[in-house]
Amino acid sequence: MAKNVVLVHGAWADGSSWAQVIPRLQAAGLHVTAVQNPLTSLADDVAATTRALDRQDGPTILVGHSWGGTVITEAGVHHNVAGLV
């Protein structure tokens, strides 16, 4: 069972857009990381997301909103990813 969640924001936003979601996930006992993507290119955003995935200690649910859905589609091949939302 995945105990890690990595959140990827959409365009015209940043990692703080998850501010109300993070405490709820943490209260459920999950380890949560919000990626701060540079929004300079798809490759740069995938690289930032991959760095966050590299720091997870096991199975991770990768969540994307809006543009973040494109990013997680590319980054979702990482060995720690257990599922995409």
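We now turn to the structure provided with this report. (Residues numbered from 1 in each chain as written. Predicted model: local features only at pLDDT ≥ 70, side-chain atom pairs only at ≥ 80, totals over all residues. Heavy atoms only, no water.)

### A few points about the overall build of the protein
Phase 1 of the analysis: Scanning the protein from terminus to terminus reveals three helices and four strands.
Phase 2 of the analysis: Beginning at the N terminus, the succession of helices and strands in the protein can be written as β-α-β-α-β-α-β.
Phase 3 of the analysis: Rg of the C-alpha trace for the protein: 12 Å, near the compact-globule value of 12 Å for 85 residues, within the 12% margin.
Phase 4 of the analysis: Burial statistics for the protein: of 85 residues in total, 39% are counted as buried.
Phase 5 of the analysis: Considering only residue pairs separated by 6 or more positions, the protein has 59% of its internal contacts joining residues 24 or more positions apart.
Phase 6 of the analysis: Accessible surface, the protein as shown: approximately 4,700 Å² in total, 58% of it carbon and sulfur. (Helix = DSSP H or I, 4+ residues; strand = E, 2+ residues; numbered from the N terminus. Rg over C-alpha atoms; globule rule 2.2 N^0.38 Å. Buried < 20%, exposed > 50% of the residue type's maximum accessible area, 1.4 Å probe, protein only. Contact = heavy atoms within 4.5 Å. Areas by Shrake-Rupley, 256 points an atom, 1.4 Å probe, with all protein chains shown as cover.)

### Considerations on the nonpolar core
Phase 1 of the analysis: If you look at the biggest cluster of nonpolar residues, it comprises 12 residues: Val6, Val8, Val35, Val46, Ala48, Ala52, Leu53, Leu62, Val71, Ile72, Ala75 and Val81.
Phase 2 of the analysis: Listed by contribution, the elements that provide at least two residues to this core are β1 (4-8), α2 (42-54) and α3 (67-75).
Phase 3 of the analysis: If one sorts the elements of this core by residue count, α2 sits on top with four residues.
Phase 4 of the analysis: Once you skip the residues sitting within four places of it in the chain, Val81 turns out to touch Leu53, Thr60, Leu62, Ala75 and Gly76.
Phase 5 of the analysis: With six residues, the next largest nonpolar core counts Val5, Leu7, Val32 and Val63 among its residues. (Core = buried A, V, L, I, M, F, W, Y, C linked by side-chain atoms within 4.5 Å.)

### With respect to the side chain of Gln56
Phase 1 of the analysis: Turning to its location among the elements, Gln56 is positioned in the loop between α2 and β3 (60-64).
Phase 2 of the analysis: In this structure Gln56 comes out as buried when scored by relative accessible area, which is 8%.
Phase 3 of the analysis: Within the structure, the side chain of Gln56 is placed 2.9 Å from the backbone oxygen of Ala52, a separation counted as a polar contact.
Phase 4 of the analysis: Dropping the residues within four chain positions of it, Gln56 is found in contact with Asn4, Val6, His31, Thr33 and Asn80. (Polar contact = N/O pair within 3.5 Å; in protein donor to acceptor, adjacent residues only side chain to side chain.)

### Quick word on the environment of Asp57
Phase 1 of the analysis: Within the element layout of this structure, Asp57 appears in the loop between α2 and β3.
Phase 2 of the analysis: At 3.0 Å, the side chain of Asp57 and the side chain of Asn4 are in polar contact.

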